[in-house]
Amino acid sequence: MNLELVRGICYIAASILFVFGLKMLGSPTTARRGNLVSAIGMLIAVVTALSAMTDIKWAWIIAGAGIGSAIGALAARLVKMTAMPQMVGLFNGFGGLASLLVGFSEFHSRWADADTTQLFTMVAIFLTVLTGGVTFSGSLVAYGKLAGVVTGKPVLYKGRNTVNTAILIAIVASGIFFCAQKLGQVENAETQGVYIALVGIVVLALILGVLSTIGIGGADMPVVICLLNSYSGLAACAAGFVINNNVLIVSGSLVGASGLVLTNIMCKAMNRSLANVLFSGFGSATAAKGAAYEGQARPVSAEDAYLILEAARSVVFVPGYGMAVAQAQHVVRELADMLTENGTEVKYCIHPVAGRMPGHMNVLLAEANVPYELLVEPQDVNPTMKIVDVAVVIGANDVVNPAAREDQSSPLWGMPVVDVDRARTCIVLKRSLNPGFAGVDNPLFFKDNTRMLFGDAKASVARLVSEFKH
Amino acid sequence: MDLDPAMIPLLFFIFVLAMLLGIELIRKVPSQLHTPLMSGSNAVSGITIVGALIAAGRQDSPTAVTVLATLAVTFAMINVVGGYLVTDRMLKMFKGKDKRRGEQ
């Protein structure tokens, strides 16, 4: 039997499993099986690739795969749910780095053999190395920002867009020089030049990844993570063009497409364009702030907040990044359970960009055993907000800012928000009156029906729970 | 390692179809599953390991290529194993009302 044919069929089978895996990931009841299906596809692809090796360097492969698996498994087991955004960012970066290395090693083996290489392959190598490099360094910066190693504020300097453009032009120029060479048909001295050009492209790609991510603020991280996710897929796809392998092209573009769709969803949820997210330095000191709001915030004690909640028939919790920071998801669930026992109808309203990655709040609440039926989206809650007795905002700010509806000068103007100010009473759990990550003041705090419960979110909710127990 | 030029449009054809399929698949995913979806698709991007294995496995390839490819295998494996396991860990926690009652 023709072995090449069998391998081809195996790769197609793997691609089909990836497609079905992704499809099953789209529904909560099948998602876990979908992930398994996708993993089986990966196993088939890896075994097929192993069988295609003419010279299997077992020691090398076992060492590499063993170390990689051990690190991956340990990290996946040990990571806290609140640290999930940076973990996904980091894994993503490693995927990009792997594609970069594949592109580079493909080039090296062709270069060393003075093989005749077509323009098409050279372009593919260039694109693999470029997207892989940007993914890797960009993801490292995103990791740093999310983990708090690098400042969450956008790092801006004068003429940064000029610098980025200059780097981009340099990359395109070296790319054209690189692709115009035909390996195997040039003199030795010239092939040295090709090699240097590719190394230069790698360095420039890494710099570009850092510079284009460092100017983006913490609150815009959901978009960046999605975009980098897309890049890592496209890098794998480009590597597929280098080695003419369909399974890489198919799965790489599936990931690339899914990242782009998510990026688009995130941008829509903030009513901003991708260009605005990437280049405006949103949330920096120099960015527009909108009107400043003045008024009297009404603080409330835990005892009084308890009385308000105790009398409520319907309560909506609106969590944000503050809940993740305070690790308050478990006490929130406890409070919700007590309210439910008390006869109150409880829901959780999750804004698509709450937290630091898409779906961040959903994961945390799932960890705390909240059934997913109780998690609803803003468009489901907003129309009936007027008959909600109490909206409890836990560490969310920009996603509940009524200025998005009321103040045309606000940078948040037009962003779909959770209309907590329309509930009969709104209790805001917050450490202080400081503005959110976007640096925009929030008029919600000064509304007549808003009560501020100051303090750490976890401690505040715990106090409410103990009030209920008495 | 030469590529038949007639193959090039075919590769692009596959690329475009897969992109369109990906967009259709992801568009309707509810936002509550966005994180597992991202980490799950992230694991799929580790497919580049296939490229790494093929690069490492050629007859008489220079040591530099073996080293580069081994590094690629290592990082791709972190991506693959970590990505799938962490996705599974997350999805294990996503439970509906009925399931929760069954366990209590």
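Residues numbered from 1 in each chain as written. Chains lettered and ligands numbered in written order. Predicted model: local features only at pLDDT ≥ 70, side-chain atom pairs only at ≥ 80, totals over all residues.

Colleague: So what exactly am I meant to see when it comes to the overall build of chain B here?
Modeller: Of regular secondary structure, chain B possesses five helices and zero strands. Along chain B, helices (α) and strands (β) appear in the sequence α-α-α-α-α when read from the amino end. Since a compact globule built from 104 residues should have a radius of gyration of about 13 Å, the 19 Å found for chain B marks it as more spread out than a globular shape. By its C-alpha atoms, chain B is 60 × 35 × 15 Å across when sized along the principal axes. Put simply, of all contacts in chain B between residues at least 6 apart along the chain, 70% involve residues at least 24 apart. (Helix = DSSP H or I, 4+ residues; strand = E, 2+ residues; numbered from the N terminus. Rg over C-alpha atoms; globule rule 2.2 N^0.38 Å. Contact = placed C-beta atoms within 7 Å.)

Colleague: What is the right way to look at the overall build of chain A in this model?
Modeller: In terms of helices and strands, chain A carries 17 helices and six strands. Taking all contacts inside chain A whose residues are at least 6 apart in sequence as the whole, residues at least 24 apart take part in 80%.

Colleague: Would you explain the pairing of strand S1 (residues 314-319) of chain A in this entry?
Modeller: Here is the key point about a regular strand: its side chains alternate between the two faces of the sheet. Residues and elements named next belong to chain A. Along S1, five of the six residues are buried, which leaves the element largely enclosed by surrounding structure. As judged from the four bridges shared by S1 and strand S2 (residues 345-349), these two strands associate in the parallel manner. Paired with phenylalanine 317 across the bridge in S2 is tyrosine 348. Pairing between S1 and strand S4 (residues 390-394): five bridges, direction parallel. Bridging from a neighbouring strand, valine 318 pairs with valine 393 of S4. (Buried ≥ 20, exposed ≤ 12 C-beta atoms within 10 Å, placed from the backbone. Pairing = 2+ DSSP bridges.)

Colleague: Just to check I follow, could you spell out the confidence of the model for chain B for this structure?
Modeller: Low pLDDT marks stretches whose predicted atomic positions should not be read closely. Residue and element names in this part refer to chain B. Per-chain confidence: chain B averages 86 in pLDDT, with 90% of residues scoring 70 or above. Mean pLDDT across the elements of chain B bottoms out in helix H5 (residues 97-103) (55) and peaks in helix H4 (residues 63-93) (93). For this predicted complex, the interface confidence reaches an ipTM of 0.92, while the overall pTM sits at 0.89. (pLDDT = per-residue confidence, 0-100.)

Colleague: Please clarify how the interface of chain B and chain A should be interpreted in this entry.
Modeller: Size of an interface: often given as the accessible area lost when the parts come together. With 82 residues of chain B at the interface, the matching set in chain A holds 103 residues. Elements represented by at least two residues in the side of chain B that touches chain A include exactly helix H1 (7-27), helix H2 (34-44), helix H3 (48-56), H4 and H5 of chain B. When residues in the side of chain B that touches chain A are grouped by element, the largest group, 29 residues, is from H4 of chain B. Residues of the side of chain B that touches chain A, tallied by class, amount to 48 nonpolar, 24 polar and 10 charged. (Nonpolar A, V, L, I, M, F, W, Y, C, P; charged D, E, K, R; others polar.)

Colleague: Just checking my understanding: could you explain the nonpolar core for this structure?
Modeller: One broad trend across soluble globular proteins is that nonpolar side chains are buried collectively. Membership of the largest hydrophobic core comes to 186 residues, with the highest contact counts inside it found for Val318, Val393 and Ile394 of chain A together with Ile49, Ala52, Ala72 and Val73 of chain B. Structurally, this core is a two-domain feature, drawing no fewer than three residues from each of domain 1 (81-279) and domain 2 (302-469) of chain A. Leaving out residues up to four positions away in the same chain, alanine 72 of chain B has contacts with Ala98, Leu101, Val102 and Ser105 of chain A together with Ala52 of chain B. (Core = buried A, V, L, I, M, F, W, Y, C linked by C-beta atoms within 7 Å. Domains from an automatic or database assignment.)

Colleague: Mind showing me how you'd approach the environment of glycine 395 of chain A here?
Modeller: Residues and elements named next belong to chain A. Here glycine 395 lies in the loop between S4 and helix H16 (403-406). In this structure glycine 395 comes out as buried when scored by C-beta crowding, with 26 C-beta atoms within 10 Å. Excluding residues that lie within four positions of it along the chain, glycine 395 makes contacts with Pro319, Gly320, Tyr321, Gly322, Met323, Val325, Ala326, Leu429 and Ala457.

Colleague: Explain the packing of helix H2 (residues 31-51) of chain A against H4 of chain B here, please?
Modeller: Any two packed helices are characterised by the angle at which their axes cross and by the distance between the axes. Contact geometry of H2 of chain A with H4 of chain B gives a least axis separation of 9 Å together with a crossing angle of 165 degrees. One element, H2 of chain A, and the other, H4 of chain B, form an angle in the roughly antiparallel class. In the crossing of H2 of chain A with H4 of chain B, the sense of the turn from one axis to the other is left-handed. Every residue of H4 of chain B that contacts H2 of chain A at Ala31, Arg32, Asn35, Ala39 and Met42 of chain A is listed here: Val80, Tyr84, Thr87, Asp88, Leu91 and Lys92 of chain B. Its residues assigned to classes, the contact of H2 of chain A with H4 of chain B comprises six nonpolar, two polar and three charged. (Axes fitted to C-alpha atoms, helices over the stretch in contact; angles between N-to-C directions. Parallel < 35°, antiparallel > 145°, perpendicular 65-115°, else oblique. Left-handed = near helix turned anticlockwise from the far one by under 90°.)

Colleague: In this structure, what is going on with the domain arrangement of chain A? I would like to understand it.
Modeller: Residues and elements named next belong to chain A. Partitioning chain A into domains gives domain 1 (81-279) and domain 2 (302-469). Within the residue set of the side of domain 1 that touches domain 2, elements represented by two or more residues are helix H4 (84-112), helix H8 (221-243) and helix H9 (246-270). Per element, the largest residue contribution to the side of domain 1 that touches domain 2 is five residues, and it comes from H9.

Colleague: Can you walk me through the sheet that holds strand S6 (residues 450-454) of chain A in this structure?
Modeller: Backbone hydrogen bonds are what pair the strands of a sheet, in a parallel or an antiparallel way. Here we have six strands laid out as an open sheet, ordered S3-S2-S1-S4-S5-S6 (chain A), and parallel in their pairing. Of all the strands in the sheet, the pair left with one neighbour each is strand S3 (375-376) and S6 of chain A.

Colleague: What is the right way to look at unusual backbone geometry in this model?
Modeller: A negative phi angle characterises most non-glycine residues, just as the trans form characterises most peptide bonds. All names here are of chain A. Backbone geometry at asparagine 271 places phi at a positive 55 degrees, although glycine is not the residue there. In this structure, glutamine 327 takes a positive phi of about 55 degrees despite not being glycine. With respect to the secondary-structure elements, glutamine 327 resides in the loop between helix H12 (321-326) and helix H13 (329-341).

Colleague: Would you mind going over helix H14 (residues 360-367) of chain A with me for this structure?
Modeller: For an α-helix, 3.6 residues make a turn, and residues three or four places apart therefore share a direction. Residues and elements named next belong to chain A. Of all eight residues in H14, eight are buried; the element is thus mostly enclosed. Restricting attention to buried positions, one finds in H14 the residues His360, Met361, Asn362, Val363, Leu364, Leu365, Ala366 and Glu367. In the segment just after H14, asparagine 369 is the residue with positive phi, at about 70 degrees.

Colleague: Teacher, can you tell me more about helix H17 (residues 457-469) of chain A here?
Modeller: In this model, H17 of chain A (13 residues) spans 19 Å end to end at C-alpha, consistent with the 18 Å of a helix rising 1.5 Å per residue. Of the surrounding elements, those touching the buried residues of H17 of chain A are helix H11 (302-310), H12, H13, S4, strand S5 (425-430) and S6 of chain A. (Expected span 1.5 Å × (residues − 1).)

Colleague: What exactly am I supposed to notice about the pairing of S5 of chain A here?
Modeller: All names here are of chain A. Of all six residues that make up S5, six are buried, and the element is covered over most of its length. Note: S4 against S5, five bridges, orientation parallel. Note on S5: the bridge partner recorded for valine 390 is threonine 425.

Colleague: I would appreciate a short explanation of the environment of leucine 168 of chain A in the present structure.
Modeller: Inspection of the secondary structure puts leucine 168 of chain A in helix H6 (residues 160-180). Sequence separation of leucine 168 of chain A and serine 410 of chain A is 242 residues, and the distance between their C-alpha atoms is 33 Å.

Colleague: Got a minute to help me understand the environment of valine 210 of chain A in this structure?
Modeller: With respect to the element layout, valine 210 of chain A can be found in helix H7 (residues 188-214). For the pair formed by valine 210 of chain A and glycine 138 of chain A, sequence separation is 72 residues and the distance between their alpha carbons is 5.1 Å.

Colleague: What exactly am I supposed to notice about the packing of H2 of chain A against H3 of chain B here?
Modeller: H3 of chain B packs onto H2 of chain A with a crossing angle of 10 degrees between their chain directions and a minimal axis gap of 9 Å. It follows from the interaxial angle that H2 of chain A and H3 of chain B lie roughly parallel. Where H2 of chain A abuts H3 of chain B, its residues Ala45, Val46, Ala49 and Leu50 of chain A lie against Ile49, Val50, Leu53 and Ile54 of chain B. Taken together, the residues of the contact of H2 of chain A with H3 of chain B sort by class into eight nonpolar, no polar and no charged.

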